[in-house]
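Residue-level structural notes
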Amino acid sequence: MTNLKPMYGAGAVAIALFLGACASTTNDRFDSAGAGGAVGALGSPSDPTSPAYFQQTVGDRVLFVVDQSTLTPEARATLDGQAGWLNSNPEFSVVVEGHADERGTTEYNIGLGARRATAVQEYLFTQGVALNRIETVSYGKERPLEICSDESCYNQNRRAVTVLTAGAGF
Amino acid sequence: MTALRLTCLALAFLFAMPGPGAAQSSGPLRIEITEGVIEPLPIAIPPFVAENPAAGDLAGRIAEVVAADLEGTGLFRAIDQGAFIARVASFDAAVSYPDWRAINAQALVTGAVTVQGNRLDVRFRLYDVFANAPLGEGLQFGGSTDSWRRIAHKVADAVYSRITGESGYFDSRVAFISQTGPKGQRIRRLALMDYDGANASFLSDGQSLVLAPRFSPRGDQLLYTSYETGRPQIYLLDVNSLRRRVLDDQPGSMTFAPRFSPDGNTVVYSLSTAGNSDIYTLNLGSGRRTRLTSQPSIETAPSFSPDGSQIVFESDRSGTQQLYVMSAGGGEARRISFGAGRYGTPVWSPRGDLIAFTKQNEGRFHIGVMRTDGSEERLLTASFLDEGPTWAPNGRVIMFTRETRGASGAPALYSVDITGRNLKRVATPVAASAPSWSPLLP
């Protein structure tokens with residue numbers, strides 16, 4: 001009451017000022033701007049070893065059916081391309097972000113996003129990418145890419161995005 | 001909290017004159033909350049008497065907060081002061097019951113306020129006007145002047161309690177997630193306010209995505225989920241010192257949906273690893289972790305029964321989200337939700353009698369309640385997106401998140417009685433979600 005100052009009160013939490021130190025905090029919408037510590041230099045999309053090529057030509061995301069984490073044939077084709085690229089560019093690791101649309105409850109959608117991210121992780125592994133190069137994180141419904149409230153946006157938000165990070169796994 | 005030492009002492013001695021002629025009374029003044037009040041009870045709450053010049057300002061404002069608390073329940077109607085015939089110029093003067101009866105005031109609250117330096121004292125009495133008698137003894141609450149709203153809430157809690165027979169819920173707080181910025185780029189902060197939206201403050205700076213604060217049983221700590229390391233992890237925050245620590249820091253796992261056990265010694269939560277979410281408990285003293293479920297499905301949103309013996313949670317093991325109850329130690333779970341649609345975010349009532357939940361059916365979201373065996377399901381709300389119920393300390397009111405649709409959609413807090421009546425928006429400084437209602441403050 002008396003000791004809680006508005007906003008940045010005395011003794012306020014020293015929250016995550018190291019945000020940029022960890023690529024997996026990256027919001028995928030900002031990746032191409034290099035925000036948040038993801039691969040800084042995207043390079044030229046015409047350079048097949050560049051992150052820009054991975055994002056735009058290979059395709060960095062796959063989409064899911066409502067409440068499902070099964071990979072569609074189209075998703076598997078995209079992931080085949082991702083795996084091939086990662087196998088050719090071993091200096092990169094990835095964080096796979098799982099997302100859900102807004103038509104669900106917060107907690108369940110985190111679980112669902114985790115399933116989706118893991119489905120991608122497991123598929124990349126079967127295509128030869130070492131597990132220690134693939135982290136996963138779920139954002140549930142908290143980071144929508146499209147913001148309208150109909151299926152044209154929801155189907156873009158039910159996604160798993162493969163975000164490149166510098167350095168091999170540990 | 002530090003400066004706030006509230007004292008409460010019965011002022012029985014003030015009642016030299018016992019209620020005259022109780023024979024007129026046709027039974028005690030009483031509202032039965034469970035019966036779904038149609039007509040709010042008219043109550044007169046004149047400005048409290050300022051006992052010294054320094055109390056002049058607060059005397060009126062305290063009476064206003066008391067009136068707002070009581071009216072906000074939907075059970076009372078504060079009579080417009082312009083209609084008053086009698087004036088309360090002295091706290092100890094005899095009450096002119098006929099003047100209050102004449103304006104159909106069923107109840108009357110009088111109070112007196114003294115301010116000395118930073119010290120505030122409030123005395124009050126409640127009267128059953130048609131019985132010509134005080135209802136209960138006079139009470140006195142004291143504290144610092146900057147806690148004046150809390151003291152007003154305590155007065156209102158006492159009035160509510162005497163008339164309804166239930167404990168109140170006004171001297172309580174709500175933790176929530178404040179949300180600013182456009183829908184696709186929301187900045188989320190942990191925030192805290194009084195139950196009525198006053199005294200809002202932020203507990204985190206918005207650098208990291210944060211989710212779903214949950215109060216400890218004593219109201220002095222919060223559990224919440226933060227993405228500050230890049231993946232969701234549960235944290236324990238001391239509300240007063242703002243010191244915090246991460247709980248269950250396992251590499252490669254995500255933790256979320258934490259809640260305290262009723263004794264405050266254990267946290268129940270979801271842990272996701274290799275894409276599978278299950279329910280665990282963590283003993284805060286020993287740090288010992290126990291896995292309670294081992295299913296390939298999503299098990300999440302656990303909530304203890306108030307006696308600590310059981311846990312209700314949601315699982316999609318049947319194919320869709322449904323509610324289950326298991327022993328607090330894990331083991332076989334019993335499904336309790338069988339209606340159409342999906343059920344999530346169950347929360348056990350502090351009274352132990354009901355479970356509140358979020359239901360999705362045919363494109364709509366509802367807040368509902370059912371008995372703990374799943375019977376007598378009742379939906380209290382319906383909208384594009386209602387989610388995440390939290391109980392008032394007395395188990396009579398539920399607060400939840402309602403989000404509007406579309407690109408400009410935003411979340412807000414709403415409350416509703418468990419009767420389904422008195423649905424209303426809760427004032428917050430900015431868009432808000434994920435409320436957690438504290439217990440009554442000490």
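Not measured: the values here are computed from a predicted model.

For chain B, the count of helices and strands is 3 helices and 32 strands. At 24 Å, chain B has a C-alpha radius of gyration in line with the 22 Å of a compact globule built from 442 residues. Projected onto the principal axes, the alpha-carbon positions of chain B cover approximately 75 × 45 × 45 Å. In chain B, buried positions account for 51% of the 442 residues. Taking as baseline every contact in chain B between residues at least 6 positions apart, the subset at least 24 positions apart corresponds to 48%.

Let's shift gears to the confidence of the model for chain B. Residue and element names in this part refer to chain B. Averaged over chain B, the pLDDT score is 92; the fraction of residues at 70 or greater is 93%. Note that pLDDT drops below 50 for residues 1–25; the model gives that stretch 46 contacts with residues more than four away or on any other chain. Across the predicted assembly, pTM comes out at 0.89 and ipTM at 0.91.

As a further point, take the sheet that holds strand E12 (residues 210–215) of chain B. All names here are of chain B. Strands sit in the order E12-E13-E14-E15 across an open sheet of 4 strands; the sheet is antiparallel. Among the strands making up the open sheet, the edge pair consists of E12 and strand E15 (244–246). Across the sheet, the mean angle separating the axes of adjacent strands is 20° when strand polarity is ignored. As judged from the 3 bridges shared by strand E14 (residues 233–238) and E15, these two strands associate in the antiparallel manner. Bridge pairing in E15 links Leu236 to Arg245.

Another aspect to go through is the sheet that holds strand E26 (residues 364–371) of chain B. All names here are of chain B. Read from one edge of the open sheet, 4 strands run E24-E25-E26-E27, paired in antiparallel fashion. For this open sheet the edge positions go to strand E24 (342–348) and strand E27 (378–379), each flanked by a neighbour on one side alone. In terms of strand pairing, strand E25 (residues 354–361) meets E26 through 8 bridges, oriented antiparallel. By the bridge assignment for E26, Leu354 is matched with Arg371.

So, on to the nonpolar core. Counting residues in each nonpolar core, the largest one holds 149 residues, and the members touching the most others are Ile43(B), Ile62(B), Val66(B), Val155(B) and Ile398(B). When sequence neighbours within four positions are dropped, the list of residues in contact with Ile62(B) reads Phe48(B), Gly111(B), Val113(B), Val122(B), Trp148(B), Ile151(B) and Ala152(B).

Negative phi characterises most residues that are not glycine, and trans characterises most peptide bonds. Residues and elements named next belong to chain B. In this structure, Asn104 takes a positive phi of about 65° despite not being glycine. Its place among the elements puts Asn104 in the loop between helix H2 (97–102) and strand E5 (107–116). Overall, Asn104 belongs to the exposed group, with 12 C-beta atoms counted inside 10 Å. In this model, Ala212 sits at a positive phi of 45°, which is unusual for a non-glycine residue. Tracing the backbone through its elements, the reader meets Ala212 in strand E12. The buried category is assigned to Ala212, around which 29 C-beta atoms lie within 10 Å.

Residues and elements named next belong to chain B. The buried fraction of strand E13 (residues 221–226) is high, at 5 of 6 residues. The pairing of E12 with E13 spans 4 bridges and is classified as antiparallel. Each bridged residue has a counterpart across the sheet, and for Arg214 the counterpart in E13 is Leu223. Hairpin geometry of E12 and E13 is characterised by an intervening segment of 5 residues between the two adjacent antiparallel strands and by a positive phi of about 80° at Gly219. The sheet contact formed by E13 and E14 spans 6 bridges and is antiparallel. Looking at the pairing, Ser226 lines up with Gln233 of E14. Turn length for the E13-E14 hairpin, with the two strands adjacent in sequence and antiparallel, is 6 residues, and the turn residue Gly230 shows positive phi of about 105°.

All right, on to the environment of Ala382(B) then. Residues and elements named next belong to chain B. Locating Ala382 in the fold gives a position in the loop between E27 and strand E28 (386–391). Put simply, Ala382 and Thr345 are 37 residues apart on the chain and 16 Å apart in space, counted from C-alpha to C-alpha. Setting aside residues up to four positions removed in sequence, Ala382 forms contacts with Arg364 and His366.

All names here are of chain B. Tracing the chain through its elements places Val430 in the loop between strand E31 (424–425) and strand E32 (431–437). Expressed as a C-alpha distance, the spacing of Val430 and Thr180, which sit 250 residues apart in the sequence, is 6.9 Å. Once you skip the residues sitting within four places of it in the chain, Val430 turns out to touch Ser178, Gln179 and Thr180.

Reading the values: the criteria
- Residues numbered from 1 in each chain as written.
- Chains lettered and ligands numbered in written order.
- Predicted model: local features only at pLDDT ≥ 70, side-chain atom pairs only at ≥ 80, totals over all residues.
- Helix = DSSP H or I, 4+ residues; strand = E, 2+ residues; numbered from the N terminus.
- Rg over C-alpha atoms; globule rule 2.2 N^0.38 Å.
- Buried ≥ 20, exposed ≤ 12 C-beta atoms within 10 Å, placed from the backbone.
- Contact = placed C-beta atoms within 7 Å.
- pLDDT = per-residue confidence, 0-100.
- Pairing = 2+ DSSP bridges.
- Axes fitted to C-alpha atoms, helices over the stretch in contact; angles between N-to-C directions.
- Core = buried A, V, L, I, M, F, W, Y, C linked by C-beta atoms within 7 Å.

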